[in-house]
Amino acid sequence: MSAASIQRNIKLFKIDAFFGGSWPLCALAVVYFEQITHSYALAMLVWSISSLTQTFTEVPTGIFSDKIGRRKTIILAAYSVLTAILLWALAGELECVWLLFIGAVFWGLCDSLISGTMDALMYETMEELNQKENFPIFYAQTNFWNQFGLAVSTLFAAGVTYFFSLQVLAWISVLTMGGQLVTAYLFVEPKRITEQRKTTSIVHFFIALRRLWRNKKLRFYAGFTLLNESVGEAYTQIVAAYFQTLIKEWLINIMRFVKQVSGMIGFAFVPYVRRFGTVRLFFTSVTMNEVLKTIGLILNNTFSPFIMSLVNFFWGISSTAKTDILQQEFSPNQRATMQSIIEVAKGIMAAIVMYLFGVVADVSGPKMAIVATVVIKIMLLLGSFVILRRKKAK
């Protein structure tokens, strides 16, 4: 495969990221599901099924990606997400709840197929182009377009729902997400070391698990990632309920737009702060993320949602730094599988954490649940700083 051919992936990643973010129904999915199920509990169950599907298929799909190839995995993921959105649109037309649940399985399968594969393909593409050192910049540029797609789709969705209906928006979503299927076929498979191709899947898995565990640096950052992001997912699910106590419901969509725009700016800012070092950037941005949340909680007024929506600026920087750290430590032959192992652990942890914070919200209100997530993440940061300082002292 020539360098000129693999160069095509650079543009395709950005196009694919834009289409991936351009799901107009994203912000209103639960509302749409509730219109069909007539129950918010059943509407949330759709996402629960999706999450469970992703958790239980993470490792098999990671092995599939490592052994069969990135391009084939991405194509399968594109078919999966398109099937999910088509079934959800049909569910509204036919008022069939089961189509929502079946669609959730395909959505979860897409998430597991893409979770380790896309980052691995990006890293391997840059590696083949002898630009591995520029991976963080490329990753940030790609995710800028994902945030741009999310921002555009949020405004587009507001217009469609104002003039038409959620059902129309569901069908438009099928068309917009179809763009990912086209780009999937255009990706070029990079050259990869294939010494593990002849191993069985179970052996491949245990090799990845052993290498992940024996690499102390990887083990530390993988552990931090699954704990930090599990609590972060709980925050994301609960924060809208907190915002409802401070601002009108329609303004929450505006806050989502602000969040995506701040994410775009964060990713665009990565090249200018990269000189400070990946590890320093990672922990500084994660810390500032929690600082903004704390300020919003202390103010506890109509300005709080706006301040707390700016966290995506630092999330853009931290996610870029985290991905760079992990990809550098992953084994070339088990890159997607190692990522999948982390995602499985994170999925299980997130399911437990979200339920526990849901109990806190029921008992003490959404604000106390948000406070709990911030306190735990600050404690996690402090513990990590202590561990890193001890390592430097040795």
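Please refer to the structure placed before this passage.
Residues numbered from 1 in each chain as written. Predicted model: local features only at pLDDT ≥ 70, side-chain atom pairs only at ≥ 80, totals over all residues. Heavy atoms only, no water.

(A) Quick peek at empty space enclosed by the protein. A complete count under the given rule lists 3 cavities of 30 Å³ or more for this structure. Taken as a whole, the largest cavity spans an internal volume of roughly 60 Å³. Taken together, the elements giving at least two residues each to the lining of the largest cavity come down to α13 (278–299) and α15 (311–329). It is α15 that contributes the most residues to the lining of the largest cavity, 3 residues altogether. (1 Å grid on protein atoms, 1.4 Å probe; cavity = no way out; pocket = protein on both sides within 12 Å on 5 of 7 lines; lining within 4 Å. Points joined across faces, edges and corners; volume = space filled by probe spheres on them. Helix = DSSP H or I, 4+ residues; strand = E, 2+ residues; numbered from the N terminus.)

(B) Seen up close, unusual backbone geometry. Within the chain, asparagine 130 stands out as a residue other than glycine whose phi angle is a positive 60°. Position of asparagine 130 relative to the elements: it lies in the loop between α7 (117–128) and α8 (135–163). On the basis of relative accessibility, which here comes to 66%, the residue asparagine 130 falls in the exposed class. In the Ramachandran plot, asparagine 300 falls in the positive-phi region, its phi being about 50° despite a non-glycine side chain. Accessibility expressed as a relative area gives 31% for asparagine 300, which makes it partly exposed. (Buried < 20%, exposed > 50% of the residue type's maximum accessible area, 1.4 Å probe, protein only.)

(C) Representation of the packing of aromatic side chains in the model. According to the stated counting rule, one finds 26 aromatic pairs in the structure shown. One aromatic cluster is present, built from ring pairs that chain together Phe220, Tyr221, Phe224, Phe282, Phe283 and Phe385. Over the ring of tryptophan 213 we find arginine 219; its NZ or CZ atom is 4.6 Å from the centre of that ring. The lysine or arginine in question, lysine 293, covers the ring of tyrosine 235, its NZ or CZ lying 3.9 Å from the ring centre. (Phe/Tyr/Trp six-rings, centres within 6.5 Å; stacked < 30°, edge-to-face > 60°. Lys NZ or Arg CZ within 6 Å of the ring centre and 35° of its normal.)

(D) Spatial organisation of the pattern of salt bridges. Using the criterion set out here, one finds 6 salt bridges in the structure. Between arginine 70 and glutamate 124 there is a salt bridge whose closest N-O contact spans 2.7 Å. Remark: glutamate 124 occurs in helix α7 and arginine 70 occurs in helix α5 (residues 70–94); sequence separation between them is 54 residues. Since its relative accessible area comes to 0%, arginine 70 is described here as buried. Between lysine 293 and glutamate 290 there is a salt bridge, and its shortest N-O distance comes to 3.3 Å. Of this pair, lysine 293 and glutamate 290 both sit in helix α13, 3 residues apart, roughly one helical turn. By the burial criterion, lysine 293 is buried, and glutamate 290 matches it. (Salt bridge = Lys/Arg side-chain N within 4 Å of Asp/Glu carboxyl O.)

(E) A look at the side chain of threonine 142. With respect to the secondary-structure elements, threonine 142 resides in helix α8. Judged by relative accessible area, which is 5%, threonine 142 ranks as buried. Residue contacts for threonine 142: discarding those within four places in its chain leaves Phe13, Lys14, Ala17 and Met122. (Contact = heavy atoms within 4.5 Å.)

(F) How the structure looks around the side chain of threonine 53. By the element assignment, threonine 53 lies in helix α4 (residues 40–68). Given a relative accessible area of 15%, threonine 53 falls into the buried group. Polar contacts involving the side chain of threonine 53 include one to the main-chain carbonyl oxygen of isoleucine 49, which spans 2.8 Å. Aside from chain neighbours lying at most four places away, what touches threonine 53 is Ala104, Val105, Gly108 and Leu109. (Polar contact = N/O pair within 3.5 Å; in protein donor to acceptor, adjacent residues only side chain to side chain.)

(G) Geometry of the nonpolar core. Judged by nonpolar contacts, the single largest core of 63 residues is most densely connected at Trp23, Tyr32, Phe33 and Trp88. The leading source of residues in this core is α5, at 12 residues. In this structure, phenylalanine 33 is in contact with Ala43, Val46, Trp47, Trp88 and Leu100, ignoring residues within four places of it in sequence. Counting 24 residues, the second largest nonpolar core, distinct from the first, contains Phe205, Leu218, Phe282 and Phe330. (Core = buried A, V, L, I, M, F, W, Y, C linked by side-chain atoms within 4.5 Å.)

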